[in-house]
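Overview (structure and organization)
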Amino acid sequence: GLPAGTAASTETVTTPSVSSVTVSTTYFRHRGTIAAGWRSFAIPEVYQESMYYLTYARPVADRWAWGISAKYLQEKYTMDDYLRASPVFAYGQKDSVSAVSVDAGVLYTILPRLYLGISALDINQPDLGLMNEDKLPWTGRIGIAWKEKRMAWALDGIYREDLWYYSTGFEK
């Protein structure tokens, strides 16, 4: 038995997981690049969101390049008694939502190792609402990057819903 004043308990810890796969191939020299990929975030046995994407990018002038992506977004919930009783999930009849989204951007080479990029994400503001409309806001990004043979540095400004966020980082 247990000593006086103690109790036995069992605790289950669920750890989120993130997965990502990207496949890229050059399509005709100097004609562009095609990439396809998948990203996933999951809380096992509760929730999963997935994004599948297809991207095309190509140079358009000596220092300019552009790209566009089409994304298939999906959110999926694991049904339990609580969700089956909710009108948001149509009383257990609806466990997922999906939408198509579009991103586009341009890249300018300032100097041989210095780049400036501007992009717009979720341009079409896809609706991921289960019961009511819940549109993703578009996101604007502007960034500058320095790239050496074995090192890279970047600084990004991210604009979303009237707020600016900033990030920077080094990679070796």
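Residues numbered from 1 in each chain as written. Predicted model: local features only at pLDDT ≥ 70, side-chain atom pairs only at ≥ 80, totals over all residues. Heavy atoms only, no water.

Quick notes on a nonpolar patch on the surface
As a reminder of what qualifies: Like charges are joined within 9 Å and nonpolar side chains (Val, Leu, Ile, Met, Phe, Trp, Tyr) within 5 Å, but only among residues with over 30% relative accessible area and no salt bridge; these make up the patches. Surface exposure here means Shrake-Rupley accessible area, sampled with a 1.4 Å probe, where a residue is shielded only by the protein chains that are shown. By definition, a salt bridge exists where a carboxyl oxygen of Asp or Glu is found within 4 Å of a side-chain nitrogen of Lys or Arg. Every helix listed is a DSSP run of H or I at least four residues long, and every strand listed is a run of E at least two residues long, numbered separately from the N terminus. The buried label goes to any residue with under 20% of its type's maximum accessible area, the exposed label to any with over 50%, and the partly exposed label to all in between, with areas taken from a 1.4 Å probe on protein chains only.
Taken together, the side chains of Val60, Trp64, Trp66, Ile68, Val106, Ile118, Ile142, Trp164 and Tyr166 present a nonpolar region at the surface, about 890 Å² in accessible area. The set of elements that each furnish at least two residues to the nonpolar patch consists of β4 (64-77) and β9 (163-171). The leading source of residues in the nonpolar patch is β4, at 3 residues. On the basis of relative accessibility, which here comes to 41%, the residue tryptophan 64 falls in the partly exposed class.

A short note on the packing of aromatic side chains
In this description, a pair of aromatic rings is defined by centroid distance and the angle of the planes. Operational definition: Two aromatic rings, drawn from Phe, Tyr or Trp (for Trp, its six-membered ring), form a pair once their centres lie within 6.5 Å of each other, and the interplanar angle then sorts them: stacked below 30 degrees, edge-to-face above 60, tilted otherwise.
Scanning all chains against the criterion turns up 8 aromatic pairs. For the ring pair tyrosine 52 and tyrosine 72, a centre distance of 6.3 Å and an interplane angle of 40° mean the geometry is tilted. Placement of the pair is tyrosine 52 in strand β3 (residues 47-59) and tyrosine 72 in strand β4, with a sequence separation of 20 residues.

Here we look at the nonpolar core
The cut-off we apply is this: Among buried residues, the Ala, Val, Leu, Ile, Met, Phe, Trp, Tyr and Cys ones that are joined through side-chain atoms within 4.5 Å form a nonpolar core. By the convention used here, residues are in contact when the closest approach between their heavy atoms is within 4.5 Å.
Core analysis: the largest hydrophobic core is formed by 12 residues, namely Tyr47, Met51, Tyr53, Leu73, Tyr77, Met79, Leu83, Phe89, Val97, Ala99, Leu128 and Leu130. Listed by contribution, the elements that provide at least two residues to this core are β3, β4 and β5 (96-111). The leading source of residues in this core is β3, at 3 residues. If we ignore the near neighbours within four places in the chain, the residues touching methionine 51 are Gly37, Trp38, Arg39, Lys71, Tyr72 and Leu73.

As for the environment of arginine 84
Filter applied, for reference: Polar contact is the term for a pair of N or O atoms within 3.5 Å; when the atoms are in protein, one must be able to donate a hydrogen and the other to accept it, and sequence-neighboring residues count only if both atoms are side-chain atoms.
Tracing the sequence through the fold places arginine 84 in helix α1 (residues 81-84). With relative accessibility at 41%, the residue arginine 84 sits in the partly exposed group. Taking the C-alpha atoms as reference, arginine 84 lies 9.2 Å from aspartate 95; in sequence the two are 11 residues apart. Sequence-distant contacts of arginine 84, defined by excluding residues within four places in its chain, comprise Met79, Tyr91 and Gly92. Within the local environment of arginine 84, its side chain forms a polar contact with the backbone oxygen of methionine 79, the two atoms lying 3.4 Å apart.

Looking at the pairing of β4
Quick reminder of the rule: The rule for pairing is simple: two strands pair if DSSP sees at least two bridges between them.
Two elements, β3 and β4, share 13 bridges in a ladder whose sense is antiparallel. If you follow tyrosine 53 over to β4, its bridge partner there is lysine 71. Here β3 folds back onto β4, and the loop between the two strands holds 4 residues. As judged from the 13 bridges shared by β4 and β5, these two strands associate in the antiparallel manner. Looking at β5, one finds that tryptophan 66 is bridged to valine 106.

Details of the environment of threonine 78
For threonine 78, the position within the fold is in the loop between β4 and α1. When neighbours within four sequence positions are excluded, threonine 78 is seen to be in contact with Glu45, Val46, Tyr47 and Leu83.

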